[in-house]
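If you want the building blocks of each chain, they are given just below.
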Amino acid sequence: MVYHSSFVEEEGITKACGCPLLPLKSHIKGPAPVSEQDRTDIVDEAITFFRANVFFTNFPIKSPADKLLIYLTFYINVALKRLEGCRTLAVGTKAIINLGLEDIPVPGETGFPFPGLFSLPSSQEEADLFRNYLKQVREETSGRLLSVAYRANGTPNKWWLAFAKRKFINVVLL
């Protein structure tokens with residue numbers, strides 16, 4: 001059974017491309033509302049559920065937040081593939097920073113991994129809002145992923161990096 005997001009229907013949440021712009025416990029500047037530090041956010045859910053959800057080839061969507069959970073699970077998978085050869089935290093941090101500097105496609109652009117999962121942006125402003133939100137959530141996910149993918153002494157955590165070999169819902173990034 002797939003783990004779904006607990007953010008089922010939250011009142012007053014802005015949406016872009018059919019995706020809710022959920023609050024984040026983040027210090028990174030961006031369009032996401034700020035969440036309380038003691039509450040679980042979508043990044044916490046994605047990292048917590050990653051090792052279970054990555055084994056599934058189908059992911060039934062029960063709420064709009066599940067779309068974001070699918071995207072983040074895929075992003076974590078891509079990030080772990082980049083970290084796979086990095087033997088120290090410093091090298092891993094550099095690899096994650098380079099991943100964050102890559103262009104972030106939105107629905108309708110070439111390179112977006114899930115065509116049809118999110119609706120196409122109705123305007124350039126919506127596309128920019130969604131791109132900026134994805135950038136912010138990816139940066140936040142990257143920072144938190146480094147803290148679980150590497151131990152306190154800077155060595156790789158093999159129990160996390162072993163999941164880099166898995167394909168999430170049979171999607172391969174070219």
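Residues numbered from 1 in each chain as written. Predicted model: local features only at pLDDT ≥ 70, side-chain atom pairs only at ≥ 80, totals over all residues. Heavy atoms only, no water.

The chain is annotated in an unreviewed UniProt entry as Actin-related protein 2/3 complex subunit 3 from Brassica carinata. The UniProt entry for the chain carries the following text under Sequence similarities (unreviewed entry): "Belongs to the ARPC3 family." Under the UniProt heading Subcellular location (unreviewed entry), the note attached to the chain is "Cytoplasm, Cytoskeleton". (UniProt positions renumbered as here; feature names shortened; annotations may be inferred.)

Draft legend 1. Up close: the overall build of the chain. Counting its regular elements, the chain contains five helices and two strands. Sequence-ordered secondary structure for the chain, helices as α and strands as β, is β-β-α-α-α-α-α. Relative to its length of 174 residues, the chain is compact, with a C-alpha radius of gyration of 15 Å against a globular reference of 16 Å. For the chain, the spread of C-alpha atoms along the principal axes amounts to about 45 × 35 × 30 Å. By residue count, 51% of the 174 residues in the chain fall in the buried class. (Helix = DSSP H or I, 4+ residues; strand = E, 2+ residues; numbered from the N terminus. Rg over C-alpha atoms; globule rule 2.2 N^0.38 Å. Buried < 20%, exposed > 50% of the residue type's maximum accessible area, 1.4 Å probe, protein only.)

Draft legend 2. Local environment of unusual backbone geometry. Here Cys 17, not a glycine, exhibits a phi torsion of approximately 60 degrees, which is positive. Take Cys 17: it is sitting in the loop between strand 1 (15-16) and strand 2 (19-20). Look at Cys 17 and you get buried, because its relative accessible area is 0%.

Draft legend 3. Region of the structure containing the nonpolar core. Counting 56 residues, the largest nonpolar core has Ile 42 and Leu 80 as its most contacted members. Put simply, the parts of the chain that give this core at least two residues each are helix 1 (42-53), helix 2 (64-83), helix 3 (89-100), helix 4 (124-149) and helix 5 (158-161). Looking at which element gives the most residues to this core, the answer is helix 2, with 13 residues. Once you skip the residues sitting within four places of it in the chain, Ile 42 turns out to touch Ser 5, Phe 7, Leu 22, Leu 24, Ala 65, Leu 68, Leu 69, Leu 72, Tyr 133 and Val 137. (Core = buried A, V, L, I, M, F, W, Y, C linked by side-chain atoms within 4.5 Å. Contact = heavy atoms within 4.5 Å.)

Draft legend 4. Highlighting the pattern of salt bridges. Under the criterion given, the structure shown has nine salt bridges. For the salt bridge of Arg 144 with Asp 44, the shortest nitrogen-to-oxygen distance reads 2.7 Å. Within this pair, whereas Arg 144 is found in helix 4, its partner Asp 44 is found in helix 1, the two being separated by 100 residues in sequence. Accessibility assignment for this pair places Arg 144 and Asp 44 in one class, buried. (Salt bridge = Lys/Arg side-chain N within 4 Å of Asp/Glu carboxyl O.)

Draft legend 5. Structural context of the packing of helix 1 against helix 2. Closest axis-to-axis distance for the helix 1/helix 2 pair is 9 Å, and the angle between their directions is 65 degrees. With respect to each other, helix 1 and helix 2 are oriented roughly perpendicular. Regarding helix 1 and helix 2, the two cross each other, and that crossing is right-handed. Of helix 2, the residues touching helix 1 (which contributes Ile 42, Val 43, Glu 45, Ala 46, Ile 47, Phe 49, Phe 50 and Asn 53) are Ala 65, Leu 68, Leu 69, Leu 72, Thr 73, Ile 76, Asn 77 and Leu 80. Its residues assigned to classes, the contact of helix 1 with helix 2 shows 12 nonpolar, three polar and one charged. (Axes fitted to C-alpha atoms, helices over the stretch in contact; angles between N-to-C directions. Parallel < 35°, antiparallel > 145°, perpendicular 65-115°, else oblique. Left-handed = near helix turned anticlockwise from the far one by under 90°. Nonpolar A, V, L, I, M, F, W, Y, C, P; charged D, E, K, R; others polar.)

Draft legend 6. Molecular detail of the environment of Leu 99. When you line up the elements, Leu 99 lands in helix 3. Linking Leu 99 and Ser 5, residues 94 residues apart in sequence, is a C-alpha distance of 25 Å. With sequence-adjacent residues up to four places away left out, Leu 99 is seen in contact with Tyr 75, Val 78, Ala 79, Arg 82 and Arg 138.

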